[in-house]
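# Structure assessment
Each chain is listed here by its residues.
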Amino acid sequence: MNETMQQPVTAVKGIGEETAAALADIGITTVGDLLMYAPYRYDDYEQKDLAAARHEEKVTVEGKVHSAPLVTYYGKKKSRLSFRLLSGRYLITVVCFNRPYLKEKLAFNETVTVIGKWDRHRQAINAYELRFGAAPETAGIEPVYSVRSPLTVKTMRRLMKAAFAQFGAHIPDPLPPALRRAYRLVDKQEAVRALHFPRSREELHQARRRLVYEEFLLYQLKMQAFRRIVRDGQHGVAHSFSEERLAAFLSALPFSLTNAQRRVIKEILADMRAPRQMNRLLQGDVGSGKTVVAAVALYAAVLSGFQGALMVPTEILAEQHARSLADLFAGTDVTLALLTSSVKGKRRKELLAELEEGAIDIVIGTHALIQEGVQFRRLGLAITDEQHRFGVEQRRILREKGHAPDVLMMTATPIPRTLAITAFGDMDVSVLDEMPAGRKKVETYWVKHHQFARVLDFIEKELRRGHQAYVICPLIEESEKLDVQNAIDVHSQLVHYYRGKYEIGLMHGRLSADEKEAVMRAFSENRIHVLVSTTVVEVGVNVPNATVMVIYDAERFGLAQLHQLRGRVGRGDAQSYCILIADPKSEVGKERMRIMTETTDGFVLAEKDLELRGPGDFFGTKQSGLPEFQFGDPVHDYRILEVARRDAAKLVSTTAFWSDEAYAGLRAELEASGVLDGEKLD
Ligand SMILES: Nc1ncnc2c1ncn2[C@@H]1O[C@H](COP(=O)(O)OP(=O)(O)OP(=O)(O)O)[C@@H](O)[C@H]1O
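These lines cover the structure that appears in this document, whether it is placed above or below. Model, not experiment: these values are computed from the prediction.

What counts and what doesn't
- Residues numbered from 1 in each chain as written.
- Predicted model: local features only at pLDDT ≥ 70, side-chain atom pairs only at ≥ 80, totals over all residues.
- Heavy atoms only, no water.
- Near = heavy atom within 4 Å.
- Polar contact = N/O pair within 3.5 Å; in protein donor to acceptor, adjacent residues only side chain to side chain.
- Areas by Shrake-Rupley, 256 points an atom, 1.4 Å probe, with all protein chains shown as cover.
- 1 Å grid on protein atoms, 1.4 Å probe; cavity = no way out; pocket = protein on both sides within 12 Å on 5 of 7 lines; lining within 4 Å.
- Sits in = over half its atoms within 2 Å of the grid points.
- Nonpolar A, V, L, I, M, F, W, Y, C, P; charged D, E, K, R; others polar.
- Pairing = 2+ DSSP bridges.
- Helix = DSSP H or I, 4+ residues; strand = E, 2+ residues; numbered from the N terminus.
- Axes fitted to C-alpha atoms, helices over the stretch in contact; angles between N-to-C directions.
- Contact = heavy atoms within 4.5 Å.
- Buried < 20%, exposed > 50% of the residue type's maximum accessible area, 1.4 Å probe, protein only.
- Core = buried A, V, L, I, M, F, W, Y, C linked by side-chain atoms within 4.5 Å.
- Points joined across faces, edges and corners; volume = space filled by probe spheres on them.
- Phe/Tyr/Trp six-rings, centres within 6.5 Å; stacked < 30°, edge-to-face > 60°.
- Lys NZ or Arg CZ within 6 Å of the ring centre and 35° of its normal.

Near the ligand lie 18 residues; those nearest to it are G287, K290, T291, R439 and R571. The separation between an oxygen atom of the ligand and a polar side-chain atom of N542 is 3.1 Å. Isolated, the ligand exposes 630 Å² of accessible area, and the fraction of that covered by the protein chains is 84%. The pocket occupied by the ligand, as judged from atoms lying within 2 Å of grid points, is the second largest pocket. Across the shell around the ligand, the residue classes tally to five nonpolar, nine polar and four charged.

Taken in spatial order, the seven strands of this open sheet run β11-β12-β10-β13-β14-β9-β15, and their pairing is parallel. Here the strands that pair on one side only, and so sit at the sheet edges, are β11 (336-339) and β15 (428-432). When strand polarity is set aside, the average angle formed by the axes of neighbouring strands in this sheet is 20°. Here β11 pairs with strand β12 (residues 362-365) via four bridges, running parallel. Looking at the pairing, L339 lines up with G365 of β12. Its contacts with the sheet put helix α11 (residues 290-303) on β9 (279-284), β10 (307-311), β12, β13 (379-385), β14 (406-411) and β15, and the angle it makes with β13 is roughly 170°.

Right, let's get into helix α19 (residues 559-566). Burial analysis of α19 places eight of its eight residues in the buried class, which makes it a mostly covered element. Of the residues making up α19, those classed as buried are L559, A560, Q561, L562, H563, Q564, L565 and R566.

The next point concerns the nonpolar core. It is characteristic of soluble globular proteins that their nonpolar side chains tend to be buried jointly. L23, L34, L35, M156, L217, L221 and L666 are the most contacted members of the largest nonpolar core, which has 55 residues in total. Of all elements in the fold, only α2 (17-25), α3 (31-35), α5 (153-167), α7 (188-196), α8 (201-233), α23 (638-652) and α25 (664-673) reach the threshold of two or more residues within this core. With 12 residues, the top contributor of residues to this core is α8. With near-sequence residues (within four places) excluded, L666 lies in contact with P174, L175, P176, L217, L218, L221, L651 and F657. Residues L253, L257, V293 and L303 belong to the second largest nonpolar core, which totals 41 residues.

One number sums up the size of the second largest pocket: a volume of about 1200 Å³. Taken together, 50 residues form the lining of the second largest pocket, with F255, G289, T291, R439 and N542 sitting closest to its centre. Looking at the lining of the second largest pocket, the elements that each hand over two or more residues are α11, α12 (315-328) and α18 (513-524). For the lining of the second largest pocket, the element with the most residues is α12, which contributes seven residues. Each residue belonging to the lining of the second largest pocket can be placed in one class, and the counts come to 19 nonpolar, 20 polar and 11 charged.

Summed over the entire model, instances satisfying the criterion amount to 13 aromatic pairs. Between the aromatic rings of Y37 and Y145, the centroid separation amounts to 6.4 Å while the plane-to-plane angle is 20°, which identifies the pairing as stacked. Of this pair, Y37 sits in the loop between α3 and β1 (41-44) while Y145 sits in the loop between β8 (141-144) and α5, and the two are 108 residues apart along the sequence. Ring geometry for F458 and Y577: centres 5.0 Å apart, planes at 85°, overall edge-to-face. Pair noted here: F458 is in helix α16 (residues 452-464) and Y577 is in strand β21 (residues 577-581), with a separation of 119 residues, a long-range link. Given the relative accessible area of 12%, Y577 is considered buried. Here the aromatic cluster, defined as three or more aromatic residues joined through ring pairs, consists of F249, Y299 and F329. Positioned over the ring face of F306 is R378, at 4.1 Å from the centre of the ring.

Further remarks concern the sheet that holds β21. Spatial strand order, β16-β21-β20-β17-β19-β18: six strands in an open sheet with parallel pairing. Of all the strands in the sheet, just β16 (443-447) and β18 (504-507) have a single pairing partner and so form its edges. Adjacent strand axes in the sheet meet at a mean angle of 15° when their direction is disregarded. By the bridge criterion, five bridges tie strand β17 (residues 468-472) to strand β20 (residues 546-551) in an arrangement that is parallel. Each bridged residue has a counterpart across the sheet, and for Y470 the counterpart in β20 is M549. Lying on the sheet, α19 is in contact with β16, β17, β20 and β21; it crosses β20 at an angle near 150°.

Dropping the structure here:
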C-alpha cells in the first residue's frame, strides 16, 4: 500500500469526522481500508428469462401491470396484495405481503420492476421489492456490505463510489505484470472496481480470482520468507553416517520398501545430512508404513553418533513401537529403551542415567520423555507420532532437550493437502501416498442396530478362518465411566455368544498399564480372538491378523476417527472388513456412513469431512489453527492456493525477487508485515 492509500478516510470527499468514526467502528481507517472492504454478498438484480429460472430462485422481472391489484386482509394487520404482470410473453402473478398501500400506486399498464422469489408451479413471484419504472440498465448486481449503525448499506455504496472516483486510479498493484499475464488476472484497479461495482457475474468472478491469488501469494511469500530466515539463522545437526551400513539395514528388512517409502526416506535423509534443522511433517494414511521410515531415520541418527527419540501419545503405542523397533533392529547393535510413566523406581533411575551417559541409542516413550530429569547426551533426532495429540509446547520441550535436533512429525490424520499447505506452510511435508503391495481394500458395510445378530455371525465366519476381530464400543464423551460400562456390557454379551469357542478380551482406559499391555500382547499373539474395546485402540495399533473391525454407534465418531479405527484392519494380506453399526437420524449422518462405505482413501475422507462439517470440526472441537483469509477459502480455492505456494517458493529463491523493480510491490508488503525481521507469523 502506498502513501495515498494510507491517508485517513476523511481524505475522501464527503467523509466527515462522524462518518469516519462510524467507519473506524468496522475497522476502516484509511482510504485503502475502505477500498478493500469487500461486500459479503451481492444482490442480483440482473433480469432473467423466467423460462430458465428455477423454482424458488430469486429473480428480477420488469413488466407492465396487467390487472387491478387485489388486497385481502387477514389476521390483525396482515394483508396480501396481488396483481397480474405482463413481462415479455409471460403473464404472471405478483404477490406482495403487508404492503396494502401499494394498491393505490399500481396503475394499469404502469411499468414496474419486481424482485422476489419465483414460484414456478404457480407462475408467481413472491415479491420483496417493488420498484416503479424500468430496471436500470446497469443495475445488475449490487454489493451488500456488513455495516453497523449508523452506517447503512446505501451509505456504504455511496462512500465507495466517492472513494473510487477520487482514488481508484492510485490503487497500487503489487502483482508484477508477468504473473498477471501468466494467469490472465485483471489488474488491481479493475479488480477493486468490479468488487464494488460489478457489471456481471463474470466480472465479479474475475475480480475475486485475482484478489484470492494475490492474498494467497502474499501469505505464502511470508511463510517462505520466514522459513528461509529461520533456516539460515539456525545451526542444526549435520548427520553424517555410513551409507553402506544404512543400505545393509534396508536390505535386511523383511519386505521391500514401497516407492513412496523410498522417496520419503530420501527426503528425510537429505534434511538430516544438511546442517540446518529439519522440520518435517510426514503424512501417511493408516497402514502406509510410517514406522519403518521412522526406524531408518533413527538408525541414521545413531550411525552418526547421536541419540534418537520417538514420542507417541499412548502407552499401548509406545509398547508396540518398542516391540516393532526391537524386531527391526534385531540384527544391529542399537540399544533401545522404553520410557513411560509405568517405568518407575530403580529401573527408571537406571534408564535415565543410561540416557544421559549415551548408553541408550534410541528411546521410545510417551509424555514421560519430556518430563524434567530426562536428559540426553546427544539428542540428534526427535520424532513425534500423531502430532495432533501433542501440543506445540510439548514438541518444543522435546526439541529443546537436544541442541537443535532434527524434528520429524508423523501423522496418520489425513490432512487435506490444501490444509497442510496453509496450516503447516512453515514445515516441509512428505507424503506416503502408496500402500504396501498386496494390501486389499477394506470392505466397509453400514448396518442398523437390529442387524447385530448377523454381525455376530459374520465375525464368527472370520474367526473360523483363524482371523481376529475388534469390536469398538460406543463412545460417550461426557463420561468415561459409561464408556467403560458399555464395553463391559458388550464384552459379556460376546462372551456369552461365543462361549466355549473363542476368547473375548476387554480393553478400556480404566485398566492399568500392565493390564493393557497383557491384553494387547494376548491379542497380538492370537490368544484373544475378539477384542472388545473403547477407542483406546484408535491410533497405530498393529495386529495384521485382525480382519474385522466392528464399530458400534458409528455415527458418534468423526470421519477421521472412523478412518483411523478402520485402519486397524487390512494391515496384512487377507481381505478385511469394517462394519459400521449406526442408525443416524440426520441427513449428514447418513451421508457420512455412505461415504465411509464408498472410499478408503483417507485424503478423500478428510476433504469430505471438511465439506460436511467445516474445518474446525475435523480436528476435533478445537480450532484447526487455519489462518483466515479475507477473500480466499483454503478449501474451495485450493487450486489457487497450490499455485500460489509454488510461485512463492520459486520467487523467494530467485535473486530477481529480492532486487528487481517488478517485485518492489510484493517486497513492500513483506516488509510491512515484519516477516523479514524474523518476527513470528500470526
Ligand atoms: N513396504 C512394505 N511392504 C510390506 N509391508 C509393510 C511395508 N511397510 C510396512 N509394512 C507393514 O505394514 C504394517 C503397517 O505399517 P506401520 O505400522 O508402519 O503403519 P503406519 O503407517 O504406522 O500406520 P498407522 O498410522 O495405521 O499406525 C506393518 O505390519 C508393517 O510391518
